[in-house]
Amino acid sequence: MAIIIEYGLMSFYEAQLLRQPSSLILQAPEHNLTYLQASRLNAVHGSVSVAPLKLGPPPPPPPQKLASLTVSFIRIIITIVLLPSPSSSLTSQPSNVFPSNKPPRFLGKHSHSIKTNHQQYRYETRYFSQRLDHFSFSDLPNFRQRYLINTEHWVGASRLGPVFLYCGNEGDIEWFAVNTGFVWDIAPHFGAMVLFPEHRYYGESMPYGSKEEAYKNATTLSYLTTEQALADFAVLITDLKRNLSAEGCPVVLFGGSYGGMLAAWMRLKYPHIAIGALASSAPILQFEDIVPPDTFYNIVSNSFKHESNSCFDTIKQSWNALTSAGQREDGLQQLSQTFHLCRELKSVEDLSNWLESAYSYLGMVNYPYPSNFLMPLPGHPIREVCRKIDSSPDGSSILERIFNGVSVYYNYTGEVDCFQLDDDPHGMDGWNWQACTEMVMPMSSDRKTSMFPAYDYDYSAFQEECRRDFQVTPRPRWITTEFGGHDIEHVLKFFGSNIIFSNGLLDPWSGGGVLKNISQTIVALVTEEGAHHIDLRASTTEDPDWLVEQRETEIELIEGWLDNYREKMKATFKI
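Here's a quick rundown of the structure. Everything numeric in this text was worked out from a predicted model, so none of it was measured.

## Some thoughts on the sheet that holds strand β10 (residues 276-280)
Then comes step 1: Pairing is mixed in the open sheet, where eight strands are placed in the order β5-β6-β8-β7-β9-β10-β11-β12. One side of each edge strand has no neighbouring strand; the edge strands of this open sheet are β5 (124-130) and β12 (522-527). Averaged over all neighbouring strand pairs, the angle between strand axes comes to 20 degrees, with direction disregarded.
Then comes step 2: Here strand β7 (residues 163-166) pairs with strand β8 (residues 193-197) via three bridges, running parallel. Each residue of the ladder has a partner; that of Val 163, found in β8, is Met 193.
Then comes step 3: Packed onto the sheet, helix α8 (residues 258-269) meets β9 (251-256), β10 and β11 (499-504) and runs at close to 150 degrees relative to β9.

## So, the pattern of salt bridges
Then comes step 1: What the rule picks out here adds up to 16 salt bridges.
Then comes step 2: The residue Arg 468 makes a salt bridge to Asp 469 at a minimum N-O spacing of 3.5 Å.
Then comes step 3: Across the pair Lys 516 and Glu 489 runs a salt bridge, and its minimum N-O distance is 3.3 Å. Separated by 27 residues along the polypeptide, Lys 516 in the loop between β11 and β12 and Glu 489 in helix α18 (residues 488-495) bring together distant segments of the chain.
Then comes step 4: Each of Arg 146, Asp 172, Glu 174, Glu 198 and Glu 204 takes part in salt bridges that share partners, so that together they form one network.

## Comments concerning the state of the cysteines
Then comes step 1: Applying the stated criterion across every chain yields a total of three disulfides.
Then comes step 2: Across the disulfide from Cys 342 sits Cys 418; the S-S distance is 2.0 Å. Every disulfide takes its handedness from the sign of the S-S torsion; for Cys 342 and Cys 418 that torsion is 95 degrees, giving right-handed. One end of the pair, Cys 342, is in the loop between α11 (331-338) and α12 (348-364); the other, Cys 418, is in the loop between α14 (398-410) and α15 (430-437), and 76 residues separate them in sequence.

## Considering the packing of helix α10 (residues 309-326) against α12
Then comes step 1: Relative to each other, α10 and α12 sit at 160 degrees, their axes nearing to 10 Å. One element, α10, and the other, α12, form an angle in the roughly antiparallel class. Considering only the axes of α10 and α12, their crossing is right-handed. Of the residues in α12, those touching α10 at Ile 315, Trp 319, Leu 322, Thr 323 and Gly 326 are Val 348, Leu 351, Ser 352, Leu 355, Glu 356 and Tyr 359.
Then comes step 2: Its residues assigned to classes, the contact of α10 with α12 comprises seven nonpolar, three polar and one charged.

## Re helix α13 (residues 381-390)
A turn of α-helix holds 3.6 residues, and therefore any two residues three or four places apart point the same way.
Then comes step 1: Among all positions of α13, only Pro 381, Ile 382, Glu 384, Val 385, Cys 386 and Ile 389 are buried.
Then comes step 2: Against α9 (295-307), α10, α12 and α14 lie the buried residues of α13.

Here is what the cut-offs are and how they apply
- Residues numbered from 1 in each chain as written.
- Predicted model: local features only at pLDDT ≥ 70, side-chain atom pairs only at ≥ 80, totals over all residues.
- Heavy atoms only, no water.
- Pairing = 2+ DSSP bridges.
- Helix = DSSP H or I, 4+ residues; strand = E, 2+ residues; numbered from the N terminus.
- Axes fitted to C-alpha atoms, helices over the stretch in contact; angles between N-to-C directions.
- Contact = heavy atoms within 4.5 Å.
- Salt bridge = Lys/Arg side-chain N within 4 Å of Asp/Glu carboxyl O.
- Disulfide = S-S within 2.5 Å.
- Parallel < 35°, antiparallel > 145°, perpendicular 65-115°, else oblique.
- Left-handed = near helix turned anticlockwise from the far one by under 90°.
- Nonpolar A, V, L, I, M, F, W, Y, C, P; charged D, E, K, R; others polar.
- Buried < 20%, exposed > 50% of the residue type's maximum accessible area, 1.4 Å probe, protein only.

Below is the structure:
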């Protein structure tokens, strides 16, 4: 049976309407972004092929400057052929070794302080006395918020020199500063001041004087919220500009991952403070039921399957192999030896979580060139993991193959003798608190399309765990109440402006991102081979052409924001 549907640009969650156990054949103009539709549908179906449809040359672009920067909405015809789905012997079973209540994985847990002699970029470290609670008049102690500042290239207040403010993430701000080379690279071109304020409750920006006191209980942690963090940024930049007599200088926001979410939300909540925001890999739609909860693990799985079906199958089979091995009399001891652990394994769940962590982070940092962002990794690291799994010696067990593959992530340099399983999903840290209060991002794993053990999102279990760990009840609808999310295209089209949402389709968080243009000034830049906020990384000679072009587009858009701002300021002064 064939169904003919006329479509504009398809969003990931629109594609969920087509969830069928079938194969899809897309017919579309060769010049259109067919890979975008295919990649999104692949995350749902796992089997999509693209057939070119000859419709003549592409139409000429419109004369507007932004036309080259926006995604074409050429109508395409999608022919969906429903084919019988072959049964699979690899369907995963729900597993108690794979906890279903983990907080969403972002990169802040890898952050660390930077030694002065390894400092790549020049900045001065300063501290600002910040209110603990911006939204009450309670007499509470202030805390010292750390921020990094560089004015080397700033052209000054008289020339309306811009301020580039990176919205600090869930970790040490120095680590994010040295891994956000794009801001440093373009600051001289714009004559910009660079500012990296640290997020409260992370790094050195600890209320109550220490991490121990700040993380003591639910009362002391209660001021760790996105609203308070955004207010910190707003108060800091307002005070800084006032002290520099630079009230007229425009502020442009930057952020990646959770920081990208903060950048987008700050532009919406404080439009009088910042004129625009580059929100890279910002999953602002990963809440409630806006996108399917299995999106994240489907995209990770699809990246592995794209490299090798046998690699995907081996990983999918390995969870049951782990369970079986752990049930043997000396199973935990044998698993500890197989995976070269420094201490004997306490539970199969600990090892399962360690492996899931590696696969998830590999999905995020699947960059086309070698990197040292999280771990020292080769270019296309998932390809290398699968090569190691598939090329294991004949006779290797499934778990031996898995160890060979995961060693690419945990020990690519070969310098590690044994591994510590220190990834505690129940640790008393800031991000777990945020995930248990506001940042409630539903996650699940689909039995058919995911290489991970199947599980459904269980809010009741998640709620119970949050009550046990923090004595707090989550508020899963608060983020969408505070910042929006539902019907975002319609809403932002009427009151939002000057936001770039950049996403790479290899990034598992892209499924919760804004993947299509909302207006001429709220633009989605989507790249087929991009991973987690790769555009914010420093430029290198190994950057592929598509990445160079993406950054050029971002620079051009930011230039447009600043030009428009200065023109309006001139007009105001003339009056």
